[in-house]
Amino acid sequence: MSRILIVDDDKAFRLSTAALLRADGYEVDGAVDGATAAVALRATQYDLVVLDLRMPGVDGLGVVEALRLWGDRVPILMLSGFGTVESAVRALHLGADDFLTKPVEPDVLSARVADLLARRPSLGAGVAHPGGIIGRSAKMRDVLASIRRVASGETTVLITGETGTGKELAARAVHDLSPRHGAPFVAVNCGALAEGVLESELFGHVRGAFTGAVRDRVGVFEAAAGGTIFLDEIGEMSPAVQQRLLRVLQEREVTRVGATRSVKVDVRVVAATNRDLRTLVEQGRFRDDLYYRLAVFPIALPPLRERREDIPLLVEHALSILRDRSEVGDRLSCSPFAMRLLRAYDWPGNVRQLFSVIERAAVEADYRRIEAQFLPDELRPAEGRGEQRYRVSGSTSAERDAIVAALAQTGGALAQSAELLGMGRTTLWRKLKSYGLTVAGAGESD
C-alpha cells in the first residue's frame, strides 16, 4: 500500500485531503509545516508528498530543495493558491514533479495522485513510455512517431482529439522528449477561466491594472522560462486573448496586462482542442492567423473505438494501478468475456471513460475477477429484449469481438445473436465462416 505525506498548515484541508486519500486506499500521514515534514521524511519512506507552497517557517520551496539536496527522489505534488504560479514554477525547477492550484476538486486530486504513483518507477530515470502513453496499435505507433519527430525542435504543436483521448499525455510526451525536459511543464485550461483571469494567468499584470491587482504578477509565459506551456481547450479562448497570444507567438515577447513595455519570453507552446478549429475559423470565432501559427505540426489522437486492440493493454494498466492502491495482488483481473464486451463498446468518453468503468467494476467485484455482470448496462446486451447493444462497424477485429461477445451472451444461439447484432441469421452465419468461428450444433438454417 502506498504511503503519502500531506504537508499543509491548513488543518481543515489537511484532514479532508487525508480522508479522501485514505478512501482511495492509501496510508496517509500529516505534517503542519516544513520543519515537521523534514523530520517525518528523514524517519519514514514515503511514496508521495503532497506539499503546500506557502507555510510559516520552512515553506514548500524549502522542503523541495532539502529533499533534492538529500538525493531523495520521492514524487512531490505541489499545491499553490491563485496568484502564486511563478513560485510553483520555481518549485518545479527545484525538483517538484507536478502542481495543482487551490482550490482542488477531489476527483482531480485523486487522479493526479494516482498518476504520479503510477509513474513513480520512471521518475528521474528517463522516459520509457513518453508521457505515460499506452498503446501498440498502428495508429498509436504513428502518434508516437510524430511526437518523437517534433519533440527535439522548437516547433509549435497542435494536438487534436475527442475528450478523454489523452491530449495532455501527448503534450507531456513532447516535453519529456525535448531538450526542455528539465524545465517546467505548465498546463493551462483555457476553457476553465474567465477572460480577465486567463489574461492575467497567461501574461501577468501590473499593480493597478484592474480592481484587485494590488501587486505586480508574473504570468506563466514569463514564469515557465525554458519550459513548455500546454494550452488546453484553445478553441474556447476569447478573441481578445487570441490576439494577445498571437503576438506572443509572433514576437516571442509578452506584455503584462496594464503594462506599456514588453519582455522577451523563452517557452515552447503546445496547444490542444477537441473542437474543429478550421470550422471555428470559417465561422469567424477563431483567428485564422492564430490557427496557422498553432497548427505548424498537428498531431491527431485517435478515439479509442479506432484502436480497440489497445484496450487490453489499457485495462491491464488500470488494473495494475488499482492493485497497487488496494494491495489485492493478482486476484483483481478481468474475465475473457468481460474483456470482449470492453473491446466491442464504442467508448464515447474514450480512455478516461474506460478507466472509470474499470474502477467501478473493480469495486462491484470486490477487487476480484471482473465479470460481465459488473460492467455498466450500456456495455451488455439486454437479454431477451432484442436491443442492439453491439455495434458491428469499423475494423474487422471490432466486428469479430462483437460477434464473439454476442454469441457468448446468448449461449451460441444464432437467432438471438443476430438480433443483438442487428443483422440477419444468414449474414451472421457467413461472417462466422469468414472469421473461422464455429458454434456447436449450429447451421445456416438455425
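Calculation rules
- Residues numbered from 1 in each chain as written.
- Predicted model: local features only at pLDDT ≥ 70, side-chain atom pairs only at ≥ 80, totals over all residues.
- Heavy atoms only, no water.
- Helix = DSSP H or I, 4+ residues; strand = E, 2+ residues; numbered from the N terminus.
- Buried < 20%, exposed > 50% of the residue type's maximum accessible area, 1.4 Å probe, protein only.
- Pairing = 2+ DSSP bridges.
- Polar contact = N/O pair within 3.5 Å; in protein donor to acceptor, adjacent residues only side chain to side chain.
- Contact = heavy atoms within 4.5 Å.
- Axes fitted to C-alpha atoms, helices over the stretch in contact; angles between N-to-C directions.
- Parallel < 35°, antiparallel > 145°, perpendicular 65-115°, else oblique.
- Left-handed = near helix turned anticlockwise from the far one by under 90°.
- 1 Å grid on protein atoms, 1.4 Å probe; cavity = no way out; pocket = protein on both sides within 12 Å on 5 of 7 lines; lining within 4 Å.
- Points joined across faces, edges and corners; volume = space filled by probe spheres on them.
- Nonpolar A, V, L, I, M, F, W, Y, C, P; charged D, E, K, R; others polar.

Caption draft 1: Broad picture of the environment of Gly57. You can see Gly57 is positioned in the loop between β3 (48-52) and α3 (60-70). According to the relative accessible area criterion, Gly57 is exposed, its value standing at 76%. The spacing of Gly57 and Asp33 is 24 residues in sequence and 7.3 Å in space, taken between C-alpha atoms.

Caption draft 2: Structural view of the pairing of strand β13 (residues 268-273). Taken across its six residues, β13 has six buried, putting it largely inside the fold. Neither face of β13 is exposed, since Arg268, Val270 and Ala272 on one face and Val269, Ala271 and Thr273 on the opposite face are all buried. As paired elements, strand β10 (residues 228-232) and β13 share four bridges and run parallel to each other. Residue Leu231 lies in a different strand from β13, and its bridge partner there is Ala271.

Caption draft 3: Expanded view of the side chain of Lys167. Tracing the chain through its elements places Lys167 in helix α7 (residues 167-176). Side-chain polar atoms of Lys167 contact the backbone oxygen of Gly161, separated by 3.1 Å. A polar side-chain atom of Lys167 sits 3.1 Å from the main-chain carbonyl oxygen of Glu162. Aside from chain neighbours lying at most four places away, what touches Lys167 is Ile159, Thr160, Gly161, Glu162, Phe230, Asp232, Ala272, Thr273, Asn274 and Leu301.

Caption draft 4: Examining unusual backbone geometry more closely. Even without being glycine, Asn350 reaches a positive phi, approximately 60 degrees. Position of Asn350 among the secondary structure elements: in helix α15 (residues 350-364). In this structure, Tyr367 takes a positive phi of about 55 degrees despite not being glycine.

Caption draft 5: Quick peek at the packing of helix α1 (residues 11-23) against helix α5 (residues 106-118). Packing of α1 against α5 leaves a shortest axis separation of 11 Å and a crossing angle of 60 degrees. Between α1 and α5, the angle is such that the two are oblique. The way α1 lies across α5 gives a crossing that is right-handed. Every residue of α5 that contacts α1 at Thr17, Leu20 and Leu21 is listed here: Pro106, Leu109, Ser110 and Val113.

Caption draft 6: Layout of helix α14 (residues 336-344). Burial of α14 is extensive: seven of the nine residues sit out of reach of the surface. Those residues of α14 lying buried are Phe337, Ala338, Met339, Leu341, Leu342, Arg343 and Ala344. The N-cap of α14, judged by a side-chain oxygen 3.1 Å from the amide nitrogen of Ala338 a few residues on, is Ser335.

Caption draft 7: Summary view of the layout of surface pockets. A volume near 210 Å³ is recorded for the second largest pocket. Taken together, Leu158, Thr160, Gly161, Thr273, Asn274, Arg275, Asp276, Leu277, Arg278, Tyr291, Ala295 and Pro298 form the lining of the second largest pocket. Elements with a contribution of two residues or more to the lining of the second largest pocket: β6 (157-160) and α11 (277-282). For the lining of the second largest pocket, the per-class residue count stands at five nonpolar, four polar and three charged.

Caption draft 8: Spatial organisation of the pairing of strand β4 (residues 76-80). Burial of β4 is extensive: five of the five residues sit out of reach of the surface. What you see with β4 is no split at all: Ile76, Met78 and Ser80 on one side and Leu77 and Leu79 on the other are buried throughout. Sheet topology places β3 next to β4; four bridges connect them, and they run parallel. The residue bridging Val49 from the neighbouring strand is Ile76, located in β4. Bridge count for β4 against strand β5 (residues 98-101) is four bridges, and the pairing is parallel. Its bridge partner lying in β5, Leu77 is registered against Asp98.

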